[in-house]
Amino acid sequence: MQSELVDKLLRLNQEFYATYAQSFAATRHSVQPGVQLLLPQLLQANLVLDLGCGNGNLAELLRCEGFSGIYVGIDENAYFLERAVDTTRDAEDGSYIFMQGSLADSNWMEVVDHADAICSYATLHHLPGESLQRQFFSTISSKLSPGGRLYLS
């Protein structure tokens, strides 16, 4: 895919979420049933990295279930991140960190050395082109701890 087209698609995605973030977040109150099934594995992780964390639904679920590790959520949209911070503000256990960053830029991975669990739900379609997707998976594989797992939908 031509780089100009990749850039245009990334800009369109940013513009969409800048315009509709509030209404989009209002429809996302819980994690998907498949993600609920992964909860036992995620609760055992020392460090969970959530790529495209949105409004913090996974962080909120982990908090409610007593997660005691470190959770790092990354999303490009500032409004989503504000909502995510709100979901974990009263966490008694665990550490919840949210950072703004684009998954199209591999610099987001500098935030952690290794993660036991890397989650990325409903994000891959926001990375246009095979080259960008290969970069995404290459970066993820370099950051998984030995025995770590990638959870992707």
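Quick caveat, the model's predicted, so the values are computed rather than measured.

Asks: Help me understand helix 4 (residues 57-64) in this model?
Replies: Count 3.6 residues to each turn of an α-helix, and residues three or four apart come out pointing the same way. Among all positions of helix 4, only Asn57, Leu58, Ala59, Leu61 and Leu62 are buried. Residue Gly66 follows helix 4 closely and has a positive phi angle near 85°.

Asks: Explain the environment of Ile97 to me, please; I cannot follow it from the model alone.
Replies: Counting through the fold element by element, Ile97 comes out in strand 3 (residues 95-100). Sequence separation between Ile97 and Ala84 is 13 residues, and the spatial gap between their C-alpha atoms is 9.4 Å. In this structure, Ile97 is in contact with Ile70, Tyr71, Val72 and Gly73, ignoring residues within four places of it in sequence.

Asks: In this structure, what is going on with a nonpolar patch on the surface? I would like to understand it.
Replies: A surface patch of nonpolar side chains, amounting to about 370 Å² of accessible area, comprises Met1, Leu5, Leu9 and Leu12. Mapping Leu9 onto the fold places it in helix 1 (residues 3-26). On the accessibility criterion, Leu9 (34% relative accessible area) is partly exposed.

Asks: Please clarify how the pairing of strand 2 (residues 70-75) should be interpreted in this entry.
Replies: The two faces of the sheet receive side chains in turn, since in a regular strand these alternate between them. With 5 of its 6 residues buried, strand 2 lies for the most part within the structure. Regarding topology, helix 4 serves as the crossover connection from strand 1 (residues 47-51) to the parallel strand 2, and that connection is right-handed. Pairing of strand 2 with strand 3 involves 6 bridges; the strand directions are parallel. The residue of strand 3 that forms the bridge with Ile74 is Met99. Traced from strand 2 through helix 5 (residues 78-88) to strand 3, the parallel crossover comes out right-handed.

Asks: I would appreciate a short explanation of the pattern of salt bridges in the present structure.
Replies: Pairing between side chains becomes possible if they bear opposite charge and their charged atoms approach one another. A full pass over the atoms with the stated rule returns 5 salt bridges. In this structure, Arg63 and Asp90 form a salt bridge, with 3.5 Å as the shortest nitrogen-oxygen distance. Note that Arg63 is positioned in helix 4 and Asp90 in the loop between helix 5 and strand 3, a separation of 27 residues in sequence. In this structure, Arg134 engages Glu130 in a salt bridge whose closest nitrogen and oxygen atoms are separated by 2.5 Å. Here Arg134 pairs with Glu130, and both are found in helix 6 (residues 130-143), just 4 residues apart, close to one helical turn.

Asks: Whenever I open this one, the nonpolar core confuses me. Can you help?
Replies: Note on soluble globular proteins: their nonpolar side chains tend to be buried together. In this structure, Leu42, Leu58, Leu62, Tyr71, Phe98 and Tyr121 are the most contacted members of the largest nonpolar core, which totals 22 residues. The element best represented in this core is helix 4, accounting for 4 residues. Among all residues touching Tyr121, those that are not within four sequence positions of it are Val35, Leu38, Leu42, Leu51, Leu58, Tyr151, Leu152 and Ser153. Counting residues in hydrophobic clusters, the runner-up holds 19 residues, among them Val6, Ala104, Met109 and Val112.

Conventions used here
- Residues numbered from 1 in each chain as written.
- Predicted model: local features only at pLDDT ≥ 70, side-chain atom pairs only at ≥ 80, totals over all residues.
- Heavy atoms only, no water.
- Buried < 20%, exposed > 50% of the residue type's maximum accessible area, 1.4 Å probe, protein only.
- Helix = DSSP H or I, 4+ residues; strand = E, 2+ residues; numbered from the N terminus.
- Contact = heavy atoms within 4.5 Å.
- Patch = residues over 30% accessible without salt bridge, like charges linked within 9 Å, V, L, I, M, F, W, Y side chains within 5 Å.
- Areas by Shrake-Rupley, 256 points an atom, 1.4 Å probe, with all protein chains shown as cover.
- Salt bridge = Lys/Arg side-chain N within 4 Å of Asp/Glu carboxyl O.
- Right-handed = clockwise from strand over helix to strand, strands pointing away.
- Pairing = 2+ DSSP bridges.
- Core = buried A, V, L, I, M, F, W, Y, C linked by side-chain atoms within 4.5 Å.

Spatial relationships are all this shows, so hold off on functional conclusions.
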